[in-house]
Structures are given as structure tokens and as C-alpha cells.
Amino acid sequence: MMTWLVFGVGALAQLLFSGRTLLQWIISEKNKKVLTPALFWKLSLIASFLLFVYGYLRNDFAIMLGQVLTYFIYVRNMQLQGEWTRMHKLVRIFIIIFPLIIVAIGYNNNKQDIYNLLNNEAIADWLFVLGIVGQIIFTLRFIYQWIYSEKKKQSSLPFGFWMLSLLGASLIFTYAIFREDPILLAGHTFGIVTYVRNIMLLRNQS
């Protein structure tokens, strides 16, 4: 029963990630150029919240790392679009302190808990490295997007974002195959198709 609950959390997170991507795709197709609606970042934040919990429940450091690195970038993009201040103050406070709450509750046994997280017997060393590299590259897309948006003073998804998305997603997809993780497989299968399509749209724009 617990296993189904864990996968249920992960499935909901991936559905939201896929939903945001589908929304962005549809809007971009209609306008014949790559656009980023405000709802994209809201869904991203909620999905990241849930996938972080999923990674914690699966004792999967690679998943947790990816979400921690992008979590606050989603918040920043909401700020750039003026959506952050429209949320209730208590909700904003909870969003900011949530990762700290998880760390305080889940890893309060000093080094032993961290050791278990970084030494999951179900994940071979080479697979662990593959997952970390995939998540880092996948995360770099949002760091690149963040820097690009700060320079432009508006939230946007440039060409480099989609290229890093495609590379990172491909590595995580490979990780998911060996990890036998249906949640990651389903989410990144749809994502790869969308990334390729956005790359095509951007090339047609130029």
C-alpha cells in the first residue's frame, strides 16, 4: 500500500510537470513562437514540491538534488512575472521554508541519514553518478534560463534552455530505465518530444 502511495505522489508530480509542458507547447503552437505563461511556473513549483517528496520517500538523492536546485528558480520566475506577490503571504512563507522542514525532519540523525541517502544499495555507483550528472545538466537549463531572464528583465525560455532540457532528459531517461522508475520514464518520454518540438519552433523563428 505504501509503495502505491509513493508512486502516486510521483505520478501526480509528473502529471503536473507534463501538464505545464503541454500548456506551454499548445500556447507556443498557437502563436508559432515559444512563449511561457505564468501558469507554467505555478505548476512547476507545485510539481517540484511533490517530486522532492517523492525523491525523499524513494531515498533517491538524484531526484531530490534536481528539485532543490530548481525550486527557487521557479519562485524567481514567478517574481519576474509578478505572480509571486499575488499569493497569500503564509503560502509564500511555507514555500520558502519547506525544503528546510524536510531536512530537519528527515535528516535529524546527523551523518547516518546522509550516509544512507548517498549509499542506497538499490542504486549502483555508476548509476548514481549517471543520475546526478543527468539532474545537474537538467538543472543547468533553469540556471541558464534564470540568467538569461534576469538580463532581459522578463521570464522567457531561450534556445539553450531547450537544448539542455533535451540532453538532461535523455540522461535521466537512461537512468530511469536502469533504476526501473516508471515515474521518471513516463515524465521524460513526453518531455523529450516537447523539447524537440520547441527547438524546431525556435529554429523556424530565426
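You'll find the structure just up there.
Residues numbered from 1 in each chain as written. Predicted model: local features only at pLDDT ≥ 70, side-chain atom pairs only at ≥ 80, totals over all residues. Heavy atoms only, no water.

Chemist: Would you explain the pattern of salt bridges in this entry?
Modeler: Should their charged atoms come close, side chains of opposite charge can pair. Applying the stated criterion to the full structure yields five salt bridges. The shortest N-O distance in the salt bridge between Arg58 and Asp181 comes to 3.3 Å. Of the two residues, Arg58 is situated in the loop between helix 2 (38-57) and helix 3 (61-80) and Asp181 in the loop between helix 7 (159-179) and helix 8 (182-205); the sequence distance between them amounts to 123 residues. Assessed through its relative accessible area of 0%, Asp181 is described here as buried. Of the charged contacts in the structure, one is a salt bridge between Arg76 and Glu150, with a shortest N-O distance of 2.5 Å. Remark: Glu150 occurs in helix 6 (residues 125-152) and Arg76 occurs in helix 3; sequence separation between them is 74 residues. According to the relative accessible area criterion, Arg76 is partly exposed, its value standing at 26%. (Salt bridge = Lys/Arg side-chain N within 4 Å of Asp/Glu carboxyl O. Helix = DSSP H or I, 4+ residues; strand = E, 2+ residues; numbered from the N terminus. Buried < 20%, exposed > 50% of the residue type's maximum accessible area, 1.4 Å probe, protein only.)

Chemist: Would you take a moment to explain empty space enclosed by the protein for this structure?
Modeler: The full count for this structure, using the stated rule, is three cavities of 30 Å³ or more. Size it by volume and the largest cavity reaches roughly 230 Å³. Forming the walls of the largest cavity are 22 residues, and the residues nearest its centre are Phe17, Arg20, Phe138, Arg141 and His188. The set of elements that each furnish at least two residues to the lining of the largest cavity consists of helix 1 (2-31), helix 3, helix 6 and helix 8. Split into classes, the residues belonging to the lining of the largest cavity amount to nine nonpolar, eleven polar and two charged. One number sums up the size of the second largest cavity: a volume of about 40 Å³. (1 Å grid on protein atoms, 1.4 Å probe; cavity = no way out; pocket = protein on both sides within 12 Å on 5 of 7 lines; lining within 4 Å. Points joined across faces, edges and corners; volume = space filled by probe spheres on them. Nonpolar A, V, L, I, M, F, W, Y, C, P; charged D, E, K, R; others polar.)

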